Amino acid sequence: KQAVDWFLSDISKTLKTKDIIFVLDADRSTVYNGKKEPRNPEYYSNIMFEYFKQQSRKAGIQVVDMHPVLTKHYSEKHQNFESQYDAHWNELGHDLVAKEILNALPNSN
């Protein structure tokens with residue numbers, strides 16, 4: 001948690017927080033398994049994920065959490081978001097993320 005706090009403090013010194021958008025990937029294994037809850041709150045990585053999200057928002061930084069977006073899309077269309085070569089986003093994943101970033105931008109409507 002101290003590393004997160006340091007990072008957010010340091011980045012806030014060099015950039016305007018209103019100009020930052022963090023995009024957080026979904027827990028894709030739960031998306032594909034049809035679970036609505038994105039992360040087991042007892043896992044260390046999930047505790048840190050939530051802490052990072054909360055602290056970023058407290059610092060005035062926008063956070064786009066892709067879990068609800070990818071969950072909705074997968075439940076409707078059953079299309080995966082990974083490249084055929086590895087776990088990086090494929091064209092569909094990048095398209096959905098780009099749309100969410102555009103929605104998060106000021107005056108994007």
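A brief report on the enclosed structure follows.

## Quick word on the overall build of the chain
Counting its secondary structure elements, the chain contains five helices and two strands. Put simply, the chain runs from its N terminus to its C terminus through helices and strands in the order α-β-α-α-β-α-α. Structurally, the chain occupies a C-alpha span of about 40 × 35 × 25 Å along its principal axes. Per-residue burial over the chain gives 33% buried out of 109 residues. Sequence separation of 24 or more characterises 66% of the internal contacts of the chain that already satisfy a separation of 6 or more. Of the accessible surface of the chain, which amounts to about 7,500 Å², a share of 53% is contributed by carbon and sulfur atoms. For the chain, the separation between the mean place of its 14 positive charges and that of its 15 negative charges on side chains is 5 Å.

## Quick notes on the packing of aromatic side chains
All chains considered together, the criterion is met by six aromatic pairs. Relative to F22, the ring of F7 has its centre 6.0 Å away and its plane inclined at 40°; by these criteria the two rings are tilted. Of this pair, F7 sits in helix 1 (residues 2-14) while F22 sits in strand 1 (residues 21-24); the two residues are 15 residues apart in sequence, bridging distant segments of the chain. The class for F7 is partly exposed, based on a relative accessible area of 32%. Looking at F22, the relative accessible area reads 14%, which means it is buried. Ring pairing ties together the aromatic residues F7, F22 and F52, which thus form one cluster.

Conventions adopted
Residues numbered from 1 in each chain as written. Predicted model: local features only at pLDDT ≥ 70, side-chain atom pairs only at ≥ 80, totals over all residues. Heavy atoms only, no water. Helix = DSSP H or I, 4+ residues; strand = E, 2+ residues; numbered from the N terminus. Buried < 20%, exposed > 50% of the residue type's maximum accessible area, 1.4 Å probe, protein only. Contact = heavy atoms within 4.5 Å. Areas by Shrake-Rupley, 256 points an atom, 1.4 Å probe, with all protein chains shown as cover. Lys, Arg positive; Asp, Glu negative; His and termini not counted. Charge placed at Lys NZ, Arg CZ, Asp CG, Glu CD. Phe/Tyr/Trp six-rings, centres within 6.5 Å; stacked < 30°, edge-to-face > 60°.

Coordinates in, geometry out; function isn't part of it.
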